[in-house]
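Chain and residue survey
One letter stands for each residue in the lines below.
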Amino acid sequence: MKAAATGYVRANDLAHAIALLANARGDTRLIAGGQSLVASMNLRLTGEIQLIDIGRVKELQDVVDGGDTLRIGALTRHADLATNPLIVAHAPLLAQASPLIAHAAIRNRGTLGGSLAHADPAAELPACVRALDATLLACGPRGERRIAADAFFRGLFETDLAGDEVLTGVEVRKRRAGDRDVILELARRSGDYAIVGIAAARRQGLHRVAFFGVGDIPVLARDAMTALDQGDIEAAVAALAADLDPPHDIQGSSSYRRHVAGVLLRRASAAMQEMGDE
Amino acid sequence: MTIDFGNPDRPNSYIGRSVPRPNAPRLVEGRGRYVDDIVLPRMLHVAFVRSPHAHARIDGIDAGAALAAAGVRRVFTGEDLREVCTPWVAVLAHLKGLKSAPQHAIAVDRACWVGEAVAAVVADSRAAAEDGAALVDVDYTPLPAVTDMRSALAPDTPVIHPELGDNLAFRRLHEAGDVEGAMASAHKVIKARFKTGRHTGVCLEPRSILADYNRAERTLTVHHSTQAPHMMQTVFAQHLDLPEGKVRVICGDVGGSFGIKVHVYPDEVATAAISRVMGRPIKFIADRVESFSTDIHARDHEIDGTIAVDETGRILAIDIDDWTAIGPYSVYPRTSAIEGNQVVNLCGGPYDFQNYRAQTTVVFQNKTPTCQYRAVGHPIAAAVTEGLVDFAAEALGMDPVEIRRRNLIADDAYPFTAPTNMRFEGLSHHASLDRLLEIMDYEGLRRDQAEARERGVVRGIGIASFIELTNPSPFMYGIGGARISAQDGCTVRMDPDGSIVALSGVTEQGQGTESMLAQVVAEGVGVPIGQVKVITGDTQVTPYGGGTWASRGAGIGGEAALQAGLALRRSILEVAGAMLQAAPDTLDIRDAVVVDMASGGERLPLAEIGRIVYFRGDTLPRDLPRELVQTRHYITSEYPFAFTNGVQASYVEVDPDTGFIRLLKHWCVEDCGRVINPQLVDEQIRGGIVQGIGGALYEECIYDPDGQLVNASMAEYLVPMASEMPDMQIAHVETPTRESTLGAKGAGEAGTAGAPAAVMNAINDALRPLGARVTEMPFTPERILRALGTVAGD
Amino acid sequence: MNEVFSALVDVTLNVNGEAVSARVPAERHLIDFLRLDLGLTGSHVGCEHGVCGACTLRVNGDIVRGCLMLVVQADGAEIWTIEGISDTDGMRDLQDAFVARNALQCGFCTPGMLFAADDLLAQGGVPGREEIREHLSGNYCRCTGYEAIVDAVETVARGRAQ
């Protein structure tokens, strides 16, 4: 179908974007890569909207080495996650996630910020930032705000971002020697949304495991994490019964999802064991 | 003259060679001309208001707000269009008992499936038309929807068309021999229930039509993405009350069709009717979302199959009970009963046995209408047959190849009439199986499978024999009263410089029709292939023909082209004979030069003959015929169908933890008679196999109980993409048909016919040691795990 | 709607080496702009969901989905479509290989498929068949079953590597 938009303006910089957003009347959306937004517009799911294009806002583009942390600008494209040397070195989970996201043509436009703000529970990056215990950075008329990934995802396509805030970037703690990252997913075809996926990060022996495709938001499997910390994979798989309550849809039943979540947990754990020391 | 097909060094030998397609270079440059690429002066666009209900009365339509919207020019309802367009009823006399209700171009009074058009908005652009359509206010009273196949005939299920009495569209029972007796005395009787998913074609170019009624000339010109332009010419003429001579249908480049585009769609007829009323070009391009609910669906079947075998593994009887759910209307003009009818006609096809019983029950539903889609009924019949044969082999502890050896019709048993009453002129089941086992290295694969099992890797090999009907005679549709042409024609003409133009009634949708015709004509006339231009898809220009369907292009269209080319050769040689003072039968044409037949010595270039005939006719004998243009039409007469045969194999790996299937490799040996262009045939088979794999593993139109199609998007209706598909090795056996000079049967659908059966058998071969079996397609990972007992399901 | 938001927007782009200026509706996709406004019908529309890949073309050197980009977002961008690539022989070996191997049938997916294939080949080296399939996994073809396409890409990769 043909998209409908009542108006368009391009933001020159972050302050301009925030001012435009604050002053806008009616249903107004920020557009960056547009890979999710334009698809929704084409399906006429968005109604009468006007667009603020933040795709060229310089402040959102940089990846900055902050010593112990890495600050990744919201406009970092999915393609860049796999090639930016800082991300590859210090946040490899994101680099590993990149090739799983859709296809090259989508990755050339889609952005980290866009994916996180869209908050599709079947997407890779929201689960990754939970696994990384990242901090999301937002900016609005009231200034900057730091939001823990665990607090960011509120519901289906719903985040903690206020209507007048712009997601400006993500801050992750750099990995250190001995840390492990694994992302695995089950999708019927390469590039499809995952039926179930797992993003796992081990930091100084402690695990953070976030599943995607199992609920309205990426789910941190806390009991399973505890068991993994104790080195008990069987207990971790069993703990998923309490951690996860997956939905039933045309892609899979709850039982199927619960079962394969366990399979993925085993495979992720085995993968982390197999990774060499360094 | 006869062509010595066996001699590859014969002159002008194009038949049997893999020459590149003449239309490919423009397509790789983006210079195709698909309907949506065409812009005509004063052209408007139509978008349809479609029912959101599976079944509802239309109480009123208020187009006020729509008409006030920017760019909107007109709004039409079903009542408006019925004044200029008559309804149709899709039945065929030879399908006894088939009944259906009249269907209008736009629904009148009642919408009967989600997506059925209830109004049309005409505007300056598609976007404006969509905006307008969103503003049309339709008052519906929802009615109960009939959406369950098995209860469609139950007494308390509402009848969709009360005047028809019940929801039974068609039922046919066929019996041969004594099935009950055979079952009673059998060594083993095996039953299974199979399900095939409801599919849709997902042609990448959606349905497209640009209808242009010229009021001054009272002519209708339709640019149409269709397989059968002459049939559509007849349909538009009949239903819009125009003489056929005033209707022209043109097919340019068509972006895939697979049978989806050979049917009459109400919204396309509505587009033509709107143009008739408005006197302006009207363009309708179905977008992807509406394609899912308005393109025809197919293959929604549940089949209970039973096979009886003796101790030696000989098949004693096969009993089939097929149920299929169509839409609320039989689709025009080929009807929605053919698919079920084919299941009855095709089960057990490759095998030599006497006792057969098969019934199909075709029921109406408030879902998208269904009709013929690539390999119509064959994938279902082959899956059921080959599945039962494998289960019989399992029950006997016999190798699946061995049981087939014991039952496939012998290669020297022809002509042969099957217990289905299907007549086979000449097939090669055993030779094909031999070749398959050779190219796949069957023993080697069994060793690989065993070795993998020792490592805990679960692999399976599946074999599927099949028959495939091609080159249909009027026995398929014509005898039922449908204006569907089983004959076809070709005009071949020589222009002054020796250029050859061939006009054919069969059409191109990418399979290589134009290349095939160029090869046949080049060889028939005796010219280099670069000198032949082929024109198809224009009813004003080509002989009246049937278009492309049921794999008839090469067998029927190609034969007409060959006959016409040979006839032109004779005409040219008659003139040449007069010019050279030689008997025409001592002359031949090779590489566009008239030569001495015996010595090959060159006598006269065609260009010289052209010059004389067209510009110096005064130098030729007065009564010499000098028509350098010949038309021939061809129709099959001996056999209702030219059956082909093939056998496929699939090697799969099953992940028992996730249920995911990996297709390791696929093989197909196909006997389609004379192969005109090996590369094109192989590629058609490959494309067909992948389409069949789609049905086996991925594709399924999912309806909820209210008749809503819940997965109507490219993200949720899963079609095969490159990463998951295997490499496919293709080989051929050639058993030409003696019905025609060319000897070609058809090949376009064979890949799709046998692939689901081969994949199913491979999966079951893999799962057998784990005690599991699957028979319900598509074989999703979840269905695999449920069969294994790993997952119970909600 | 606020005054700062425009329903019609002036854009300037470079399409196939030529500067183009137009006033476009905010909602028009890049692919519709190219097809409807510029007559560049070589790129095709197959789904408008961003899934089928028929609309794949090149923007600022990257392959993108023409249906998931608004033309207003392409202001100042350099666009290449199959017409321009053909005119400048930007993919001649790939196009010739497709014809020779019959890696196309109806041709509707072909321009998008060529862009995706060329994007892989631009990375250099000779990718294996699985890698080729993976890179083309976002381009739907219903006709070929993909194998001929993989063969053609493999052939060109070897040719370019020499």
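Residues numbered from 1 in each chain as written. Chains lettered and ligands numbered in written order. Predicted model: local features only at pLDDT ≥ 70, side-chain atom pairs only at ≥ 80, totals over all residues. Heavy atoms only, no water.

**Concerning the overall build of chain B**
- Scanning chain B for helices and strands turns up 19 helices and 30 strands.
- Over its C-alpha atoms chain B spans a radius of gyration of 27 Å, differing by no more than 12% from the 28 Å that the globule rule assigns to 794 residues.
- Taken over the C-alpha atoms alone, chain B extends approximately 90 × 70 × 45 Å along its principal axes.
- Residue burial in chain B is summarised as follows: out of 794 residues, 68% are buried.
- Partitioning the contacts of chain B with sequence separation of at least 6, the portion at a separation of at least 24 is 79%.
- Surface exposure of chain B reaches about 25300 Å², of which carbon and sulfur atoms provide 49%.
- Distance between charge centres in chain B, computed from 73 positive and 101 negative side chains, equals 4 Å. (Helix = DSSP H or I, 4+ residues; strand = E, 2+ residues; numbered from the N terminus. Rg over C-alpha atoms; globule rule 2.2 N^0.38 Å. Buried < 20%, exposed > 50% of the residue type's maximum accessible area, 1.4 Å probe, protein only. Contact = heavy atoms within 4.5 Å. Areas by Shrake-Rupley, 256 points an atom, 1.4 Å probe, with all protein chains shown as cover. Lys, Arg positive; Asp, Glu negative; His and termini not counted. Charge placed at Lys NZ, Arg CZ, Asp CG, Glu CD.)

**Side note on the interface of chain C and chain B**
- Counting residues at the interface gives 48 residues for chain C, matched by 51 residues for chain B.
- Between chain C and chain B, the buried area comes to about 4000 Å², and carbon and sulfur atoms account for 54% of it.
- Interface area lost by chain C to chain B is led by Gln105(C), Tyr140(C) and Arg142(C), which between them contribute 20%.
- For the interface between chain C and chain B, the tally reads 9 salt bridges. (Buried area = accessible area lost by both parts, 1.4 Å probe. Salt bridge = Lys/Arg side-chain N within 4 Å of Asp/Glu carboxyl O.)

**Concerning the sheet that holds strand 15 (residues 301-309) of chain B**
All names here are of chain B.
- The strand order across the open sheet built from 5 strands is 7-17-16-15-8, with neighbouring strands paired in mixed fashion. Either end of the sheet is taken by a strand with one partner, and the two such strands are strand 7 (168-176) and strand 8 (188-196). Strand-to-strand twist in this sheet, taken as the mean axis angle between neighbours without regard to direction, amounts to 5°.
- As defined by bridge partners, strand 7 adjoins strand 17 (residues 355-363) across 8 bridges and the pair is classed as antiparallel. Directly across from Arg171, in strand 17, lies its bridge partner Thr361. (Pairing = 2+ DSSP bridges. Axes fitted to C-alpha atoms, helices over the stretch in contact; angles between N-to-C directions.)

**Structural notes on the sheet that holds strand 1 (residues 7-10) of chain A**
All names here are of chain A.
- Taken together, the 3 strands give an open sheet; going across it, the order is 1-3-2, and neighbouring strands pair in parallel fashion. At either margin of the open sheet sits one strand with a lone partner, and together these are strand 1 and strand 2 (28-31). Taken pair by pair, the neighbouring strands of this sheet meet at an average axis angle of 25°, ignoring direction.
- Here strand 2 runs beside strand 3 (residues 50-53); their pairing, made up of 4 bridges, is parallel. Along strand 3, the bridge assignment pairs Thr28 with Gln50.
- Along the sheet, helix 1 (residues 14-23) contacts strand 1, strand 2 and strand 3; its crossing angle with strand 1, the most-contacted strand, is approximately 155°.

**A word on helix 15 (residues 553-580) of chain B**
All names here are of chain B.
- For helix 15, with 28 residues, the first-to-last C-alpha span of 38 Å sits near the 40 Å given by 1.5 Å per residue.
- For helix 15, the buried fraction is high: 22 of the 28 residues fall into the buried class.
- After helix 15 finishes, the residue Gln581 shows a positive phi value of roughly 55°. (Expected span 1.5 Å × (residues − 1).)

**A closer look at the interface of chain A and chain B**
- Every contact between the two is made by 22 residues of chain A and, on the other side, 33 residues of chain B.
- When chain A packs against chain B, close to 2300 Å² is buried across both sides, 57% of that on carbon and sulfur atoms.
- Where chain A touches chain B, the interface holds 4 salt bridges.
- Of the charged contacts, one joins Asp657(B) and Arg267(A) as a salt bridge, the two residues approaching to 3.6 Å between their closest N and O atoms.

**Some points on the environment of Leu57(C)**
Residues and elements named next belong to chain C.
- Following the sequence through the fold, Leu57 ends up in strand 3 (residues 56-59).
- Judged by relative accessible area, which is 0%, Leu57 ranks as buried.
- Between the alpha carbons of Leu57 and Arg129 there is a distance of 23 Å; along the sequence they are 72 residues apart.
- When near neighbours in sequence (up to four residues on either side) are disregarded, Leu57 contacts Leu30, Ile31, Leu34, Ser43, Asp62, Ile63, Val64, Ile79, Trp80 and Phe115.

**Examining the environment of Val629(B)**
Residue and element names in this part refer to chain B.
- For Val629, the position within the fold is in strand 27 (residues 629-634).
- Exposure remark for Val629: the relative accessible area of 34% places this residue in the partly exposed category.
- Distance in space between the C-alpha atoms of Val629 and Gly555 is 22 Å, their sequence separation being 74 residues.
- In this structure, Val629 is in contact with Thr491, Val492, Arg493 and Leu568, ignoring residues within four places of it in sequence.

**Quick look at the layout of surface pockets**
- Within this model, the second largest pocket holds a volume of roughly 1400 Å³.
- Along its surface, the second largest pocket is lined by 49 residues, and Ser190(A), Ser723(B), Glu724(B), Glu130(C) and Glu134(C) are the ones closest to its centre.
- With 6 residues, the top contributor of residues to the lining of the second largest pocket is helix 5 (residues 129-135) of chain C.
- Residues that form the lining of the second largest pocket fall into these classes: 21 nonpolar, 13 polar and 15 charged. (1 Å grid on protein atoms, 1.4 Å probe; cavity = no way out; pocket = protein on both sides within 12 Å on 5 of 7 lines; lining within 4 Å. Points joined across faces, edges and corners; volume = space filled by probe spheres on them. Nonpolar A, V, L, I, M, F, W, Y, C, P; charged D, E, K, R; others polar.)

**Section: the domain arrangement of chain C**
Residues and elements named next belong to chain C.
- Looking at the assigned domains, one finds that chain C contains domain 1 (3-86) and domain 2 (91-161).
- Each of domain 1 and domain 2 has a C-alpha centre, and these two points are 23 Å apart.
- In this complex, domain 1 contributes 18 residues to the contact, which on the side of domain 2 involves 15 residues.
- Of the roughly 1300 Å² buried where domain 1 meets domain 2, counting both sides, 58% is carbon and sulfur surface.
- Together, His44, Ile63 and Ile82 form the three largest contributors to the area buried by domain 1 at its contact with domain 2, with a combined 36%.
- Here domain 1 and domain 2 share 1 salt bridge between them. (Domains from an automatic or database assignment.)

**Description of unusual backbone geometry**
Residues and elements named next belong to chain B.
- Look at the link from Tyr332 to Pro333: it is a cis peptide, with omega at -10°.
- Looking at where Pro333 falls in the secondary structure, it is placed in the loop between strand 16 (315-325) and helix 9 (338-346).
- Cis geometry is adopted by the peptide bond preceding Pro415, which originates at Tyr414 and carries an omega value of 5°.
- Position of Pro415 among the secondary structure elements: in the loop between helix 11 (400-407) and strand 18 (416-417).
- Although it is not a glycine, Arg42 sits at a positive phi angle of roughly 65°.
- Examined against the element boundaries, Arg42 turns out to sit in the loop between helix 1 (24-28) and strand 1 (44-50).
- Given the relative accessible area of 55%, Arg42 is considered exposed.
- Phi is positive for Asp241, which is not a glycine, with a value near 55°.
- A relative accessible area of 66% places Asp241 in the exposed class.

**Quick look at the pairing of strand 5 (residues 69-73) of chain A**
All names here are of chain A.
- A large share of strand 5 lies buried, amounting to 4 of its 5 residues.
- As defined by bridge partners, strand 4 (residues 63-65) adjoins strand 5 across 3 bridges and the pair is classed as antiparallel. Directly across from Asp65, in strand 5, lies its bridge partner Leu70.
- The antiparallel hairpin formed by strand 4 and strand 5 contains 3 residues in its connecting segment, where Gly67 sits at a positive phi of about 85°.
- As paired strands, strand 5 and strand 10 (residues 166-173) are joined by 5 bridges and run antiparallel to one another. Note that in strand 10 the partner of Gly73 across the bridge is Gly169.

**Some details on the domain arrangement of chain B**
Residues and elements named next belong to chain B.
- When the domains of chain B are assigned, the result is domain 1 (24-32 + 487-634), domain 2 (40-143 + 203-294) and domain 3 (297-474 + 638-788).
- Computed over C-alpha atoms, the centres of domain 1 and domain 3 are 39 Å apart.
- Summed over both sides, the interface between domain 1 and domain 3 buries roughly 1400 Å², with carbon and sulfur atoms accounting for 57% of that surface.
- Put simply, domain 1 and domain 3 have 0 salt bridges between them.

**So, empty space enclosed by the protein**
All names here are of chain B.
- According to the stated counting rule, one finds 7 cavities of 30 Å³ or more in the structure shown.
- Size it by volume and the largest cavity reaches roughly 690 Å³.
- Together, 46 residues line the largest cavity, and Gln511, Thr548, Ser551, Gln684 and Gly748 are the ones closest to its centre.
- Looking at the lining of the largest cavity, the elements with two or more residues in it are strand 20 (458-470), helix 14 (513-525), helix 15 and helix 17 (678-698).
- By residue number, the principal contributor to the lining of the largest cavity is helix 17, which donates 3 residues.
- By residue class, the composition of the lining of the largest cavity is 19 nonpolar, 20 polar and 7 charged.
- In this model, the second largest cavity occupies a volume close to 160 Å³.
- Forming the boundary of the second largest cavity are 21 residues, of which Gln103, Trp113, Tyr265, Pro266 and Thr294 lie nearest the centre.
- Of the residues in the lining of the second largest cavity, the class split is 12 nonpolar, 5 polar and 4 charged.
- The residue makeup of the lining of the second largest cavity includes at least three contributed by each of domain 2 (40-143 + 203-294) and domain 3 (297-474 + 638-788).

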